[in-house]
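Next come the chains, spelled out residue by residue.
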Amino acid sequence: MNYRHAFHAGNHADVFKHLTLTRLIALMSRKEQPFAYLDTHAGIGLYDLQGDQANRTGEYLEGIARLWGRTDLPPLTADYMRVLHEMNPDGQLRYYPGSPELARRLTRPQDRVLLNEKHPEDGVLLKDNMKGDRRVKVHLGEGWHVPRALLPVPEKRALMLIDPPFEKLDEMQRCAASLKEAVGRMRQTVAAIWYPVKDQRMLRRFYQDLAGTGAPKLLRVELLVHPLDTPNTLTGSGLAIANPPWGLEEELRELLPWLSKQLGQTQGGWQMDWLIAE
């Protein structure tokens, strides 16, 4: 309950996660049929990079600040950067969208946005930040209960982000359990799990748990900003994506080499493979 994402908003992990999320939304929006977006650990929705928490760490300086103001960005970044420019119309980078705000702005009138946040103060802020959009529903509860509580959805298509704070040792196991429950309740759910790349021993167990979820297919994607053997450091972050829409793998193969060069700190890199092949 002590985790507050404002300290980390806009860092390299956010850029990778949110860029991928915008592509997931874009690819799912190619079909006219509506879908529901579900966010299990939503946070407050948007962040002030000039606020005390973000300034205390300055992590955004090695994340979104490296892309801001550039004119040579790949076309696949267009949706992501458009939201950022809409939020910062004076050209100064100050406000940063969390996943709820990206989903709210990029989904269509026929889609729904279902957000959950357990932290009581953050939940109130999230509700305030999302007010005025009838498509958005904010739940204040345990994020691990979201698959059981909200799936299946009437829309028959769902995109779910599982993005816990990873403060407890069992959270990787709980991510895998949530994915297993999600695809058990609605097999076609597109589910993206964000996770830190840090402890290789824990990650090996996590990969095994993910491979045993029974998802129809599961893509593993990781962006690295340090060598994997760097001790006591967040070397990068990953996304495990169940049922990725057609075209995502190709897009990420185009985007990740460029992104790893822009966001690498001591050494950038990336890797992508299938934990469960179709």
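Look above for the structure.
Scope of this entry: the structure provided in the associated data block. Since we're looking at a predicted model, the values are computed, not measured.

### Regarding the sheet that holds strand E1 (residues 36-39)
Stage number 1. One open sheet holds the 8 strands; their spatial order is E5-E4-E1-E6-E7-E9-E8-E10, and the pairing between them is mixed. Looking at the sheet topology across the chains shown, the edges are occupied by strand E5 (136-139) and strand E10 (269-276). The sheet shows a mean angle of 15° between the axes of neighbouring strands, taken without regard to direction.
Stage number 2. For E1 and strand E4 (residues 112-116), the ladder comprises 4 bridges, and the chain directions are parallel. Bridge pairing in E4 places Tyr 37 opposite Val 113.
Stage number 3. Contacts from helix H1 (residues 12-28) reach E1, strand E6 (158-162), strand E7 (190-197), strand E8 (218-224) and strand E9 (236-242), with the element oriented near 20° to E9.

### Some thoughts on empty space enclosed by the protein
Stage number 1. In the structure shown here, the tally under the stated rule is 1 cavity of 30 Å³ or more.
Stage number 2. Counted as a void, the largest cavity has a volume near 30 Å³.
Stage number 3. In this structure, the largest cavity is lined by Lys 17, Thr 20, Leu 21, Leu 24, Leu 161, Ala 192 and Leu 239.
Stage number 4. Looking at side-chain class alone, the lining of the largest cavity contains 5 nonpolar, 1 polar and 1 charged residues.

### Observations regarding the packing of H1 against helix H9 (residues 248-263)
Stage number 1. For the pair H1 and H9, the least separation of the axes is 11 Å and the interaxial angle reads 160°. Here H1 lies roughly antiparallel to H9, going by the angle between them. Here H1 and H9 pass one another in a crossing that is right-handed. On H9, the residues that touch His 12, Val 15, Phe 16, Leu 19, Thr 20, Arg 23, Leu 24 and Leu 27 of H1 are Leu 248, Glu 251, Leu 252, Leu 255, Leu 256, Leu 259 and Leu 263.
Stage number 2. Looking at the contact of H1 with H9 residue by residue, the class counts come to 11 nonpolar, 2 polar and 2 charged.

Reading the values: rules and limits
- Residues numbered from 1 in each chain as written.
- Predicted model: local features only at pLDDT ≥ 70, side-chain atom pairs only at ≥ 80, totals over all residues.
- Heavy atoms only, no water.
- Pairing = 2+ DSSP bridges.
- Helix = DSSP H or I, 4+ residues; strand = E, 2+ residues; numbered from the N terminus.
- Axes fitted to C-alpha atoms, helices over the stretch in contact; angles between N-to-C directions.
- Contact = heavy atoms within 4.5 Å.
- 1 Å grid on protein atoms, 1.4 Å probe; cavity = no way out; pocket = protein on both sides within 12 Å on 5 of 7 lines; lining within 4 Å.
- Points joined across faces, edges and corners; volume = space filled by probe spheres on them.
- Nonpolar A, V, L, I, M, F, W, Y, C, P; charged D, E, K, R; others polar.
- Parallel < 35°, antiparallel > 145°, perpendicular 65-115°, else oblique.
- Left-handed = near helix turned anticlockwise from the far one by under 90°.

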